[in-house]
Amino acid sequence: MKIEIWSDFVCPFCYIGKRRLEIALDKFEHKNEVELVFKSFELDPNAKKEYKESIHEIIANKYGIPLEQAKASNDQLILQAKAIGLDYNFDDLKPTNTFDAHRLVHFAKTYGKDKELTERLLKAYFVDSLNLSDPKVLSELACEVGVDGAKALVVLESDEYTSEVRMDEQIASDIGVTGVPFFVFNNKYAVSGAQPPELFLEVLEKVKSEELSEISAKNITTDVDSNDSLTCSDGKCSI
């Protein structure tokens, strides 16, 4: 089973959604048969690399709401994160552009470390208050998960893996992704948002059930009446 996940490192719901999916996977009997594939998505491709304003001020200005309301909204996110073991630190967040971080994950994939780096980048932003557009920070994070830090710097100083990021974003556009996190199971079922673990587990069970049904159908002998329906529908649905 393949699960493709479009997300951004500065999206609070993306880290929450990732962790909730992992909680569901821990309860899934066939966890070891699941392949997670992380896809690039930029919430704001035009974001600057550094901001003087705090994340509270940025949100207040963006939505035209009082600063206190922006802080209250972020406090709710902090509580949601804490409920699944994530210690968000919104007061010290460093809002930034994530394009280079996405490029670096594609580079890390050549080491088989893309999933590890994805987790580390999310933690670096929401928990450790690091700047994810700083090449030195990014190379050190890459090194932490087993990627050559010096080579990572070379990649960051070039335009390597730009096409890979743009391809992920184009696919997202083609399938109608307008927000993240966005999960696609076996190119068939879509789950949008940081849904509860129970819903993720329900989808996992459904997809696995269909996989087993398709395997059984292929193994049925040719004596079966040709009018019988042996395969599942190829139609897609949204959950």
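Residues numbered from 1 in each chain as written. Predicted model: local features only at pLDDT ≥ 70, side-chain atom pairs only at ≥ 80, totals over all residues. Heavy atoms only, no water.

1. As for the overall build of the protein chain
- Counting its regular elements, the protein chain contains nine helices and five strands.
- The helix and strand sequence of the protein chain, counted from the amino end, reads β-α-β-α-α-α-α-α-α-α-β-β-α-β.
- Per-residue burial over the protein chain gives 46% buried out of 239 residues.
- Of the contacts made within the protein chain by residues no fewer than 6 positions apart, 73% connect residues no fewer than 24 positions apart. (Helix = DSSP H or I, 4+ residues; strand = E, 2+ residues; numbered from the N terminus. Buried < 20%, exposed > 50% of the residue type's maximum accessible area, 1.4 Å probe, protein only. Contact = heavy atoms within 4.5 Å.)

2. Description of the packing of helix α5 (residues 114-126) against helix α6 (residues 135-144)
- Two elements in contact, α5 and α6, have axes separated by 9 Å at closest approach and are oriented at 130°. Compared by their axis directions, α5 and α6 come out oblique. Considering how the two elements wind past one another, α5 and α6 form a crossing that is right-handed. Residues Leu-117, Arg-120, Leu-121 and Ala-124 of α5 lie in contact with α6, whose contacting residues are Leu-138, Leu-141, Ala-142 and Glu-144.
- Of the residues contributing to the contact of α5 with α6, the split by class is six nonpolar, no polar and two charged. (Axes fitted to C-alpha atoms, helices over the stretch in contact; angles between N-to-C directions. Parallel < 35°, antiparallel > 145°, perpendicular 65-115°, else oblique. Left-handed = near helix turned anticlockwise from the far one by under 90°. Nonpolar A, V, L, I, M, F, W, Y, C, P; charged D, E, K, R; others polar.)

3. Examining the nonpolar core
- In this structure, Tyr-88, Phe-90, Leu-104, Leu-117, Leu-121 and Phe-126 are the most contacted members of the largest nonpolar core, which totals 39 residues.
- Elements supplying a minimum of two residues to this core: α1 (12-26), α2 (55-63), α3 (67-82), α4 (99-108), α5, α6 and α7 (149-156).
- Here this core gets six residues from one element, more than from any other, and that element is α5.
- With residues near it in sequence (within four places) discarded, Phe-90 still touches Pro-12, Ile-55, His-56, Asn-74, Leu-77, Ile-78 and Phe-126.
- Judged by nonpolar contacts, the second largest core, of 18 residues, contains Leu-21, Ala-24, Phe-183 and Val-207. (Core = buried A, V, L, I, M, F, W, Y, C linked by side-chain atoms within 4.5 Å.)

4. A closer look at the packing of aromatic side chains
- Tallied over the entire structure, the rule returns nine aromatic pairs.
- Considering the side-chain rings of Tyr-15 and Tyr-88, the 6.2 Å spacing of their centres and the 20° angle between planes classify their relative orientation as stacked. With Tyr-15 in helix α1 and Tyr-88 in the loop between α3 and α4, this pair connects stretches of sequence that are 73 residues apart.
- With a relative accessible area of 2%, Tyr-15 lands in the buried category.
- Following the ring pairs from residue to residue traces out a cluster consisting of Tyr-15, Tyr-88, Phe-90, Tyr-125 and Phe-126. (Phe/Tyr/Trp six-rings, centres within 6.5 Å; stacked < 30°, edge-to-face > 60°.)

5. Quick look at the pattern of salt bridges
- For the structure on display, the rule yields 20 salt bridges.
- In this structure, Glu-22 and Lys-18 form a salt bridge, with 2.5 Å as the shortest nitrogen-oxygen distance. Of this pair, Glu-22 and Lys-18 both sit in helix α1, four residues apart, roughly one helical turn.
- Exposure remark for Lys-18: the relative accessible area of 6% places this residue in the buried category.
- Salt-bridge contacts for Glu-119 lead to Lys-18; the nearest nitrogen and oxygen are separated by 2.6 Å. Of the two residues, Glu-119 sits in helix α5 while Lys-18 sits in helix α1, which places them 101 residues apart along the sequence.
- The network of salt bridges with shared partners includes Lys-18, Arg-19, Glu-22 and Glu-119. (Salt bridge = Lys/Arg side-chain N within 4 Å of Asp/Glu carboxyl O.)

6. Observations concerning a nonpolar patch on the surface
- Nonpolar side chains collect at one region of the surface, where Met-167, Ile-171 and Ile-175 lie side by side and expose about 270 Å² of accessible area between them.
- Counting through the fold element by element, Met-167 comes out in helix α8 (residues 162-174).
- Relative accessible area serves as the criterion here: at 54%, Met-167 is assigned to the exposed category. (Patch = residues over 30% accessible without salt bridge, like charges linked within 9 Å, V, L, I, M, F, W, Y side chains within 5 Å. Areas by Shrake-Rupley, 256 points an atom, 1.4 Å probe, with all protein chains shown as cover.)

7. Focus: the side chain of Arg-20
- Secondary-structure assignment places Arg-20 in helix α1.
- Buried charge without a partner: Arg-20 forms no salt bridge, and the closest opposite charge is Glu-198, 7.7 Å away.
- With residues up to four places along the chain from it excluded, the contact list for Arg-20 reads Gln-80, Ile-84, Ala-194, Gln-195, Pro-196, Pro-197 and Phe-200. (Lys, Arg positive; Asp, Glu negative; His and termini not counted.)

8. Comments concerning the environment of Lys-71
- As for its placement among the helices and strands, Lys-71 is situated in helix α3.
- Taking C-alpha positions, Lys-71 is 8.8 Å from Phe-90, a pair spaced 19 residues apart along the chain.

9. Description of the pairing of strand β3 (residues 182-185)
- Both faces of β3 are covered, namely the face carrying Phe-182 and Val-184 and the face carrying Phe-183 and Phe-185.
- Across four bridges, the pairing between strand β1 (residues 2-7) and β3 is antiparallel. Of the residues in β3, the one forming a bridge with Ile-3 is Phe-185.
- Sheet topology places β3 next to strand β4 (residues 189-192); four bridges connect them, and they run antiparallel. Bridging from a neighbouring strand, Phe-182 pairs with Ser-192 of β4. (Pairing = 2+ DSSP bridges.)

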